[in-house]
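# Structure at a glance
Given next are the chains, with one letter for each unit.
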Amino acid sequence: MEESLPITISASESLTKRYNKLTSVVNKQEAQVNFQTLAAGWYEDEDKITHIEMLLVGNDEYLQQLATDNSGDITEISDDVMLYINQTQLKCVIAITDVEMELLDKEPKVLSGYISIKVKKVINEIAEKQGLLTLPL
């Protein structure tokens, strides 16, 4: 049986179509975040590993999920990030807002750095809630 990484990151189909380098950026960020959380001691107790599934979506997709999805305890940690909490798994939906998409359309070179900062901010919010070490931005 193949085990998945504790933190998985993916992007919606509409975002990957809009930004052709997004898939490689997300894959790289997933590897980095898993390594950094390992180095920060997040997985010392194998019985208490929290699995985090992160999904990057456009603002319209985010608003649609917020209005229709009620599959667990939902916590909106900011106006563009919501968490679904289910015992040892967290599902996190992160919106790329319309203003952010305009910026990324004008400056495609900032995509990697922007996604990195956004993901790490969310990871650090989760770390604080779980009593874990935060990651450097």
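Our subject is the structure listed above.
These numbers were taken from a predicted model, which means no experiment stands behind them.

Within the protein, the regular secondary structure consists of 5 helices and 5 strands. Listing the helices and strands of the protein from first to last along the sequence gives β-α-α-β-α-β-β-β-α-α. Against the compact-globule benchmark of 14 Å for 137 residues, the protein has a radius of gyration of 15 Å, which places it among compact chains. In terms of overall dimensions, the protein has a C-alpha envelope of 45 × 30 × 30 Å along the principal axes. A total of 137 residues make up the protein; the buried ones form 42% of that total. The long-range share in the protein, meaning contacts at least 24 apart out of those at least 6 apart in sequence, stands at 61%. Counting only carbon and sulfur atoms, one obtains 49% of the accessible surface of the protein, whose full area is about 8,300 Å².

Moving on, we come to helix 5 (residues 111–130). Note that an α-helix has 3.6 residues per turn; residues three or four places apart therefore point the same way. Helix length check: helix 5, at 20 residues, gives a terminal C-alpha distance of 28 Å against a target of 28 Å (1.5 Å per residue), a fit within 8%. All of the buried residues in helix 5 are Leu-111, Tyr-114, Ile-115, Ser-116, Lys-118, Val-119, Lys-120, Val-122, Ile-123, Asn-124, Ile-126 and Ala-127. Phi turns positive one or two residues past the end of helix 5, at Gly-131, with a value near 75°.

This part takes up a nonpolar patch on the surface. Residues Leu-63, Leu-66 and Ile-74 make up a contiguous nonpolar surface patch of roughly 220 Å² in combined accessible area. Checked against the element boundaries, Ile-74 lands in strand 3 (residues 73–78).

In terms of nonpolar packing, the biggest core is built from 33 residues, with Ile-7, Trp-42, Ile-52, Met-54, Ile-96, Ile-115 and Ile-123 touching the most fellow members. Broken down by element, the residue count for this core peaks at 8 residues, all from helix 5. Those residues in contact with Trp-42 that sit more than four places away from it in its chain are Ile-7, Thr-37, Ile-52, Ile-123, Ala-127, Leu-132 and Leu-133.

Our focus in this paragraph is helix 2 (residues 22–39). Relative to the 26 Å expected for 18 residues at 1.5 Å per residue, helix 2 spans 25 Å between its end C-alpha atoms, a close match to the ideal helical length. Residues Leu-22, Val-25, Val-26, Gln-29, Glu-30, Val-33, Asn-34 and Thr-37 constitute the buried set of helix 2. The buried residues of helix 2 all sit within an arc of 160° when viewed along its axis, so they share a single face. Across from the buried face of helix 2, at angles greater than 90 degrees, the exposed residues are Phe-35, Leu-38 and Ala-39.

Further remarks concern a negative patch on the surface. Where like charges cluster on the molecular surface, the negative patch consists of Glu-3, Glu-44, Asp-45, Glu-46 and Asp-47. Looking at the element boundaries, Glu-3 is found in the segment before strand 1 (7–11).

With that out of the way, let us pick up the pairing of strand 5 (residues 89–96). Judged by how many residues are buried, strand 5 sits mostly within the fold: 6 of 8 residues are covered. Alignment of strand 2 (residues 51–58) against strand 5, held across 8 bridges, turns out to be parallel. Across the sheet, Leu-55 pairs through a bridge with Val-93, a residue of strand 5.

Moving on, we come to the side chain of Glu-30. Structurally, Glu-30 is set in helix 2. One buried charged residue, Glu-30, remains without a salt bridge, the closest side chain of opposite sign being Lys-28 at 14 Å. Contacts of Glu-30, omitting those with residues within four sequence positions, involve Leu-5, Ile-7, Thr-8 and Ile-9.

Calculation notes
Residues numbered from 1 in each chain as written. Predicted model: local features only at pLDDT ≥ 70, side-chain atom pairs only at ≥ 80, totals over all residues. Heavy atoms only, no water. Helix = DSSP H or I, 4+ residues; strand = E, 2+ residues; numbered from the N terminus. Rg over C-alpha atoms; globule rule 2.2 N^0.38 Å. Buried < 20%, exposed > 50% of the residue type's maximum accessible area, 1.4 Å probe, protein only. Contact = heavy atoms within 4.5 Å. Areas by Shrake-Rupley, 256 points an atom, 1.4 Å probe, with all protein chains shown as cover. Expected span 1.5 Å × (residues − 1). Patch = residues over 30% accessible without salt bridge, like charges linked within 9 Å, V, L, I, M, F, W, Y side chains within 5 Å. Salt bridge = Lys/Arg side-chain N within 4 Å of Asp/Glu carboxyl O. Core = buried A, V, L, I, M, F, W, Y, C linked by side-chain atoms within 4.5 Å. Arc of directions from axis to C-beta. Lys, Arg positive; Asp, Glu negative; His and termini not counted. Charge placed at Lys NZ, Arg CZ, Asp CG, Glu CD. Pairing = 2+ DSSP bridges.

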